[in-house]
Amino acid sequence: VLMATVGMSFCALLWSMVLLFLTMTMAALILTQLVNPYIEDPSLNEDNEDIVEWMYTQYGTAGRSLWTLFLVTFSGGWPNYVSRLVEEVSVVFAYVFGVYVTVVVFAMTRIITALFLKDTLAAAASDVEMMILEKTKEKKAYAAKLLSFFHAADTCADGRMTFEEFQDFVKNP
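Right, let's walk through the structure included here. (Residues numbered from 1 in each chain as written. Predicted model: local features only at pLDDT ≥ 70, side-chain atom pairs only at ≥ 80, totals over all residues. Heavy atoms only, no water.)

### Topic: the nonpolar core
Considering soluble globular proteins, one finds that nonpolar side chains tend to be buried as a cluster. Met55, Tyr59, Leu69, Leu85, Phe97 and Tyr100 are the most contacted members of the largest nonpolar core, which totals 26 residues. Looking at this core, the elements with two or more residues in it are helix H2 (10–40), helix H3 (49–59), helix H4 (62–75), helix H5 (78–89) and helix H6 (92–153). In terms of residue count, H6 provides more of this core than any other element does, eight residues in total. (Core = buried A, V, L, I, M, F, W, Y, C linked by side-chain atoms within 4.5 Å. Buried < 20%, exposed > 50% of the residue type's maximum accessible area, 1.4 Å probe, protein only. Helix = DSSP H or I, 4+ residues; strand = E, 2+ residues; numbered from the N terminus.)

Pasting the structure below:
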């Protein structure tokens, strides 16, 4: 069932990953642009060089922001990457990440999960249908064997098998 589901949902997987990647890339570019003034202007963070270094490490370039957003999206520990920006830099980042977490982390990932669940259930349902068809074929084959047994045992061909015909057939198959 798992392999059938992966095979059936490969196209959906591909497009959902492309959509998720593009969304994360756009958000990373926006975050890099929003954080960059705080990194470049020392007067905004004169007393705290540690936060400037941390901001550069997490969001200083588009690649770093994309990696951080990958961790935010898939690690489940998104507050670790957001709290310092909100508490030590600007509350504006609470709104930015609020939208991102709501749209991407909750909505998009839940929709992608629902798509795979739907495909899994469809594959399982078709698996059940195939098993029912196989059982039906087995029953028909068994009924055909029983019918041929009764025809072979009915020596007088009257459509009925007497006990004597049955005993004769069992003694001489």
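From this point, the narrative continues.
### So, the side chain of Thr68
Residue position: Thr68 is located in helix H4. Exposure remark for Thr68: the relative accessible area of 1% places this residue in the buried category. Polar contacts involving the side chain of Thr68 include one to the main-chain carbonyl oxygen of Gln58, which spans 2.6 Å. (Polar contact = N/O pair within 3.5 Å; in protein donor to acceptor, adjacent residues only side chain to side chain.)

### A look at the environment of Thr23
Counting through the fold element by element, Thr23 comes out in helix H2. A sequence separation of 80 residues divides Thr23 from Val103, and the C-alpha atoms of the two residues are 9.7 Å apart. When near neighbours in sequence (up to four residues on either side) are disregarded, Thr23 contacts Val104 and Met108. (Contact = heavy atoms within 4.5 Å.)

### Focus on the packing of aromatic side chains
How two aromatic rings sit relative to each other is given by the distance of their centres and the angle of their planes. A full pass over the atoms with the stated rule returns six aromatic pairs. Ring centres of Trp67 and Phe70 lie 5.4 Å apart, and the angle between their planes is 15°; on these two criteria the pair is classed as stacked. Residue Trp67 and its partner Phe70 are both found in helix H4; the two are separated by three residues, about one turn of the helix. Since its relative accessible area comes to 52%, Trp67 is described here as exposed. A relative accessible area of 35% means that Phe70 is categorised as partly exposed. Ring centres of Phe149 and Phe150 lie 5.4 Å apart, and the angle between their planes is 65°; this geometry places the pair in the edge-to-face category. (Phe/Tyr/Trp six-rings, centres within 6.5 Å; stacked < 30°, edge-to-face > 60°.)

### Here's the deal with the packing of H3 against H4
Interaxial distance between H3 and H4 falls to 6 Å at its minimum, and their mutual angle equals 80°. Compared by their axis directions, H3 and H4 come out roughly perpendicular. Mapping the contact onto sequence places Tyr56, Thr57, Gln58 and Tyr59 in H3 and Arg64, Ser65 and Thr68 in H4. By residue class, the composition of the contact of H3 with H4 is two nonpolar, four polar and one charged. (Axes fitted to C-alpha atoms, helices over the stretch in contact; angles between N-to-C directions. Parallel < 35°, antiparallel > 145°, perpendicular 65-115°, else oblique. Nonpolar A, V, L, I, M, F, W, Y, C, P; charged D, E, K, R; others polar.)

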